[in-house]
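These are the residues of each chain, in order.
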Amino acid sequence: MKLTTAQALVRWLLAQRSETLDGREVPLFPGVFAIFGHGNVLGLGTALEEHRDAVWYDTSTGKSMSALPVWRGQTEQGMALAAVGYAKATHRRQVGVVTSSIGPGALNMVTAAGVAHANRLPVLLLPGDTFISRAPDPVLQQVEHFGDPTATVNDAFRAVSRYFDRIVRPEQLLSTLPQVARVLTDPADAGPVTLALPQDVQAETYDFPDALFAPVTHRPQRPRPDRRAVTEAAGSLRTARKPLLVLGGGVRYSGAGERALAFAERHGIPVTETTAGRTLVPHGHPLHAGPLGVTGSASANVLAAEADVVLAVGTRLQDFTTASWTVFSPGVRLITLNAARFDAVKHGALAVVGDADAGLVDLAGRLENWHADPLWTERASAERGRWDAHIDSLRAPSGEVPTYAQVVGAVNDLSEPHDYVMTASGGMPGELIGGWRGSGSIGMDVEYGFSCMGYELAGAWGAAMAHTEGLVTTMLGDGSYLMLNSELFSAAFAGHPFVAVVCDNDGYAVIARLQEGQGGKPFNNFLGDCRSAHTTPPRVDFARHAESLGCAVFTASTVDDVRAAYAKAREAAVAEHRPAVVVVRTRPDSWTEAGTWWEVGVPEHLSGRGDFEQGKAGQVRYLKS
């Protein structure tokens, strides 16, 4: 079949299927986000246009839909972040494709690639590239490297890609595309893939074999762990007096949430969640101790400090989860069940490498009827009850300017079981992770692997495309809104509804808290502490700005106002098929605290140095399993 490189790539994309965790067959690549320039408009752009009317027939619903819709964003970073949000909302079973021209368009996607890489989320990036022939060099938007003519700006993606290739001949697709599919669908290696596409090569033709375009269905892999490792892990658990189960994002991607909860119930093990594992456990479950770590709950942290054996499933145990490795006791024994050996072996853990669902089945088989001490089992509910009372006190109406905790409480109370809530940066992750009360079915995406400001709005666009059972609500501060808001227009234009709750507290309040809490002087975080030529600097009218981008807008000034505005926003988003934005002024000095330490570099002359040294003294660097 004689095709251009770009045509062959698009046909291959259309032929790839994915099996969801509930057994449905869906397109692996459900859509393309595109901003065209001279580096991709005639090659890849033409190939995509040729298939604009292609149809996918969903046998599970009997409905037909566009097989590979192309969505136009306003920034390349925003589009790529939307693709990341899509992958998270589909539990990594579907992959967004993003294409840009060479130069600034390509480099704009590097940040989003970092987000995907840090969070182990698949996304396919197709940046245009300079001419392989070098005949017209230097071309528009080309950065010349004096000592290496083969280097282009796309080499910047190497550091933030799980797989990188530059296609310099059409036939190279035959060997690289299977590797692309492998990385995007592998439970251990999942992450961003970058295929740099020189614009002259995109237009070159080759006689491709028909077999390249035969439909392929990619099914969830469930590698079973080594039997000896499982036996050793079970032996360690049997000796535990105070075991603790930590559930991470890998449990969600494996679809092992129910399995993990049944495992905990059978053996009486208290359960905590990481950031990526949040809302896997119904909040009111008697074994639920709460979320773990700096942005987690005091209840989970109290149990973690006493636990003698910790079974961590599907988590890389990031520093916010472990309070910079001070949340566990020095004598704790750590067992890690993870599909990625890279994560399983960290910190001297007893590594059990395999799928979360399959691994828990095997581990339960070795434990048989072993059960933890009932007094320890009961601690989960008791400690979480104390934490719940604390959150209730933070959420109670005060008659003052609302706090983040009060805003989150209002949204939480009005949310439906199948809704999806998300955030990424600033103070909101601590409020959602630590304070949110889910039913076990509500989804949550707290992008706290890279903590990318601006993901809250762009990622919500992608999540809204994927999450159709309930409503997506994204929560963010004024700083994140100002950093990347243009995809509000993209979502409004395309007709993808979600609610954005924007909390205006006059700047980067959480970093100001960190700065001043360690003894630093107020500087360059709150707008009032920034250099300005004006005695009365201008303020942003977020409501009018969001309205100008095509959104329905509601404002609030009290907690009761927030409830009313959010209820109206939910109705408007669904009825009008566009984002609805709630804007509320919030206090910059009230936060939910879980009572842990977090390591940051504190100079010796600042007052926070003493706490820093005390925290370092209790830091566990390597564990004996």
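Here the structure is a predicted model, which means the values were calculated and not measured.

### A few points about unusual backbone geometry
Omega for the bond connecting Asp137 with Pro138 falls within 30 degrees of zero, at -10 degrees, which places this linkage in the cis form. Summarising the element assignment, Pro138 is placed in the loop between strand E9 (123–129) and strand E10 (163–166). Phi at His91 takes a positive value of approximately 55 degrees, unusual for a residue other than glycine. Note that His91 resides in the loop between helix H3 (76–89) and strand E8 (97–100). Residue Ser324 is not a glycine yet carries a positive backbone phi of 55 degrees. Here Ser324 shows up in the loop between helix H12 (319–322) and strand E18 (333–338). Owing to a relative accessible area of 5%, Ser324 belongs among the buried residues under this scheme.

### Focus on the pattern of salt bridges
Using the criterion set out here, one finds 36 salt bridges in the structure. Between Arg609 and Glu613 there is a salt bridge, and its shortest N-O distance comes to 3.2 Å. Residue Arg609 and its partner Glu613 are located together in helix H24 (residues 609–617), separated by 4 residues, close to a single helical turn. Judged by relative accessible area, Glu613 falls into the partly exposed class, the value being 45%. Among the charged side chains, a salt-bridge network with shared partners connects Lys242, Glu306, Arg379, Glu383 and Arg386.

### Details of the environment of Gly43
In this structure, Gly43 sits in the loop between strand E4 (32–34) and helix H2 (44–49). Gly43 sits in the buried class, given a relative accessible area of 13%. Along the chain, Gly43 and Asp611 lie 568 residues apart, while their C-alpha atoms are 58 Å from each other. Those residues in contact with Gly43 that lie beyond four places of it in its chain are Ala6 and Gln202.

### What to know about the environment of Ala509
Position of Ala509 among the secondary structure elements: in helix H21 (residues 509–517). A relative accessible area of 4% places Ala509 in the buried class. Residues Ala509 and Asn525, spaced 16 residues apart in sequence, show a C-alpha to C-alpha distance of 6.8 Å. Ala509 has contacts with Phe526, Pro588 and Trp591, leaving out every residue within four places of it along the chain.

Parameters at a glance
Residues numbered from 1 in each chain as written. Predicted model: local features only at pLDDT ≥ 70, side-chain atom pairs only at ≥ 80, totals over all residues. Heavy atoms only, no water. Helix = DSSP H or I, 4+ residues; strand = E, 2+ residues; numbered from the N terminus. Buried < 20%, exposed > 50% of the residue type's maximum accessible area, 1.4 Å probe, protein only. Salt bridge = Lys/Arg side-chain N within 4 Å of Asp/Glu carboxyl O. Contact = heavy atoms within 4.5 Å.

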